[in-house]
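What follows is each chain in one-letter form.
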Amino acid sequence: MATGTLIFLVIGGAGIGVLALALLGTELLHLGHADVDGPVSVETVAGFAGAFGFGAAIVNELLGGRTPGMIAAAAAGGALAAVPTAWLAARLSRSARNMRTDPTPTRNDLVGALGLVVTPVPAAGYGEVRVRVAGQPVKLNARADRPIPLGARVFVVEALSETSVHVETY
C-alpha cells in the first residue's frame, strides 16, 4: 500500500470517527455558548473529511499513486467526492436539529380525557383509571364524588396533580 493511500485512509477514518461522535450528540470540539452554531457544523466538516480521505485513497490506489502529481490527482478526486457528501451531511444534520416535535403533555391535557376504571374508585378514596394522553395510555390515581365500579367509562373533570385526577362516569 502506498504511503499516500495510508495517509488518506487515516484522514477518512478520523472524519468518520468525528462524524459518529457528532451525530451521537457529544458536540465534539464545540466552542463558545451551547446554543450558538458556527458557520459550518461539525457534522459537515467531519463528512467532508471522511469522504475526502476515503475517496482520495480509492483514487490513489486506482492510479497507483507514487508520484506527487498522482497524489495531487487523488486529492482532487477525494475533494470531488467530499463536496456533495459535506452538503448532504449539512442538510441532514440541520434537518435533524430543526425537526418539529409535539409539545410535552402537561396536567392540563388530562382534563377532558376519556378513560376506563381499572381499580374501583371509592367515594372517599382513590382508585385507578386508564386514559389516553397524546395517544399514549396513562394510568392515573382517580377520585370521584360517588363510587365508580371496575370497567366503567369515565371523563376527567379536573387534574388534581400530575398523577391524580377527579373523574365522573361517562
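Up top you'll find the structure we're talking about.
Now for a description of the structure that goes with this document.

What counts and what doesn't
- Starting from 1, residues in each chain are numbered consecutively following that chain's sequence as written.
- Per-residue local features of the predicted model are confined to residues with pLDDT of at least 70, and side-chain atom pairs are confined, for both listing and counting, to 80 or more; whole-chain, interface and lining totals are unaffected and use all residues.
- As a convention, hydrogens and water are excluded, and side-chain values are obtained from all of the structure's heavy atoms.
- Counting from the N terminus, the helices are DSSP H or I runs at least four residues long and the strands are E runs at least two residues long.
- All radius of gyration figures rest on C-alpha atoms, and the globule criterion is 2.2 Å times the number of residues raised to 0.38.
- Between buried and exposed lies partly exposed: a residue is buried under 20% and exposed over 50% of the maximum accessible area for its type, with that area taken using a 1.4 Å probe on protein chains only.
- Contact criterion: two residues are considered in contact whenever any of their non-hydrogen atoms come within 4.5 Å of each other.
- Only the protein chains shown count as cover for residues, with accessible areas throughout obtained via the Shrake-Rupley method and a probe of 1.4 Å.
- Counted charges follow a simple rule, with Lys and Arg positive, Asp and Glu negative, and His plus the chain ends left uncounted.
- A charge is said to be at NZ when it belongs to Lys, at CZ for Arg, at CG for Asp and at CD for Glu.
- Multiplying 1.5 Å by the residue count of a helix minus one yields the expected span of that helix.
- By definition, a residue's bend is the angle between the axes fitted to the seven residues ending there and the seven starting there.
- Residues form patches when they are more than 30% accessible in relative terms and have no salt bridge. Like charges link within 9 Å. Nonpolar side chains (Val, Leu, Ile, Met, Phe, Trp, Tyr) link within 5 Å.
- When a carboxyl oxygen of Asp or Glu lies within 4 Å of a side-chain nitrogen of Lys or Arg, that pair is called a salt bridge.
- Buried Ala, Val, Leu, Ile, Met, Phe, Trp, Tyr and Cys residues that are joined via side-chain atoms within 4.5 Å together make up what is termed a nonpolar core.
- Paired strands are those between which DSSP finds at least two bridges.
- All axes here are fitted lines through C-alpha atoms, helices being fitted over the stretch that makes contact, and every angle between N-to-C directions spans 0 to 180 degrees.
- To pair, rings of Phe, Tyr and Trp, with the six-membered ring standing in for Trp, must have centres within 6.5 Å; the planes then decide the type, stacked if under 30 degrees apart, edge-to-face if over 60, and tilted in the middle.
- Charge over a ring is defined by NZ of Lys or CZ of Arg lying within 6 Å of the ring centre and within 35 degrees of the ring normal.
- Here the word oblique covers every angle except those under 35 degrees (roughly parallel), over 145 (roughly antiparallel) and from 65 to 115 (roughly perpendicular).
- What makes a crossing left-handed is the near helix being turned counterclockwise from the far one by less than a right angle; a clockwise turn instead makes it right-handed.
- Ten residue types, Ala, Val, Leu, Ile, Met, Phe, Trp, Tyr, Cys and Pro, are classed as nonpolar, four, Asp, Glu, Lys and Arg, as charged, and the remainder, Gly among them, as polar.

**Here we look at the overall build of the protein chain**
For step 1, the next point in the chain: Within the protein chain one finds 3 helices and 5 strands.
For step 2, the next point in the chain: Helices and strands appear in the protein chain in the N-to-C order α-α-α-β-β-β-β-β.
For step 3, the next point in the chain: Computed over its C-alpha atoms, the radius of gyration of the protein chain comes to 29 Å, more than 25% above the 15 Å expected for a compact globule of 170 residues.
For step 4, the next point in the chain: Burial status across the protein chain gives 30% buried among its 170 residues.
For step 5, the next point in the chain: For the protein chain, restricting intrachain contacts to residue pairs at least 6 apart in sequence, the fraction spanning at least 24 positions comes to 51%.
For step 6, the next point in the chain: Carbon and sulfur atoms make up 64% of the accessible area of the protein chain, which totals about 10800 Å².
For step 7, the next point in the chain: Separation between the mean location of the 12 positive side-chain charges and that of the 12 negative ones in the protein chain comes to 7 Å.

**With respect to helix H3 (residues 68-97)**
For step 1, the next point in the chain: Taking 1.5 Å per residue, 30 residues should reach 44 Å; H3 reaches 41 Å between its end C-alpha atoms and fits that length.
For step 2, the next point in the chain: When the local axis directions of H3 are compared, the greatest deviation, roughly 25 degrees, occurs at alanine 82, which is followed within four positions by the proline proline 84.
For step 3, the next point in the chain: By the burial criterion, the buried members of H3 are Ala74, Gly78, Ala82, Ala86, Ala89, Ala90 and Ser93.

**Topic: a nonpolar patch on the surface**
For step 1, the next point in the chain: Taken together, the side chains of Met1, Leu6, Leu9, Val10, Ile16 and Phe54 define a hydrophobic patch exposed on the protein surface, amounting to about 570 Å² of accessible area.
For step 2, the next point in the chain: Of all the elements, helix H1 (residues 3-23) adds the most residues to the nonpolar patch, at 4 residues.
For step 3, the next point in the chain: Within the secondary structure, leucine 9 is located in helix H1.

**Points about the nonpolar core**
For step 1, the next point in the chain: Ranked by internal contacts, the top residues of the largest apolar core, which has 17 residues, are Val117, Val129, Val131, Ile148, Val165 and Val167.
For step 2, the next point in the chain: Elements supplying a minimum of two residues to this core: strand S2 (127-133), strand S3 (136-143), strand S4 (153-159) and strand S5 (164-169).
For step 3, the next point in the chain: Setting aside residues up to four positions removed in sequence, valine 165 forms contacts with Leu110, Val129, Leu140, Asn141, Ala142, Arg143, Val156, Glu158, Ala159 and Leu160.
For step 4, the next point in the chain: Formed by 7 residues, the second largest nonpolar core is a distinct cluster that contains Ala51, Phe52, Ala57 and Ala82.

**Considering the sheet that holds S5**
For step 1, the next point in the chain: Ordered in space as S1-S2-S3-S5-S4, the 5 strands form a closed barrel in which the pairing is mixed. The average undirected angle you get between the axes of adjacent strands in this sheet is 55 degrees.
For step 2, the next point in the chain: Across 5 bridges, S4 lies against S5 in antiparallel orientation. By the bridge assignment, valine 154 is partnered in S5 with threonine 169.

**Re the packing of aromatic side chains**
For step 1, the next point in the chain: Counting across every chain of the model gives 2 aromatic pairs.
For step 2, the next point in the chain: With a centroid separation of 6.3 Å and an interplanar angle of 5 degrees, the aromatic rings of phenylalanine 48 and phenylalanine 52 are classed as stacked. Within this pair, phenylalanine 48 and its partner phenylalanine 52 are both found in helix H2 (residues 42-63), separated by 4 residues, close to a single helical turn.
For step 3, the next point in the chain: The exposure class assigned to phenylalanine 52 is buried, which follows from its relative accessible area of 17%.
For step 4, the next point in the chain: Chaining the aromatic ring pairs together yields one cluster made of Phe8, Phe48 and Phe52.
For step 5, the next point in the chain: A cation over an aromatic ring shows up here: arginine 143 above the ring of tyrosine 126, its NZ or CZ 4.9 Å from the ring centre.

**Remarks on H2**
For step 1, the next point in the chain: Helix length check: H2 (22 residues) gives 31 Å between terminal C-alpha atoms against 32 Å at 1.5 Å per residue, within 8%.
For step 2, the next point in the chain: Buried residues of H2: Glu43, Thr44, Ala46, Gly47, Gly50, Ala51, Phe52, Gly53, Gly55, Ala56, Ala57 and Asn60, and no others.
For step 3, the next point in the chain: Once H2 ends, the next one or two residues include glycine 64, with phi positive near 70 degrees.

**Examining the packing of H2 against H3**
For step 1, the next point in the chain: Orientation of H2 relative to H3, taken along the N-to-C sense of each, is 150 degrees, at an axis distance of 6 Å. Put simply, H2 runs roughly antiparallel to H3. Considering the relative orientation of H2 and H3, their crossing is right-handed.
For step 2, the next point in the chain: Classifying every residue of the contact of H2 with H3 gives 18 nonpolar, 8 polar and 2 charged.

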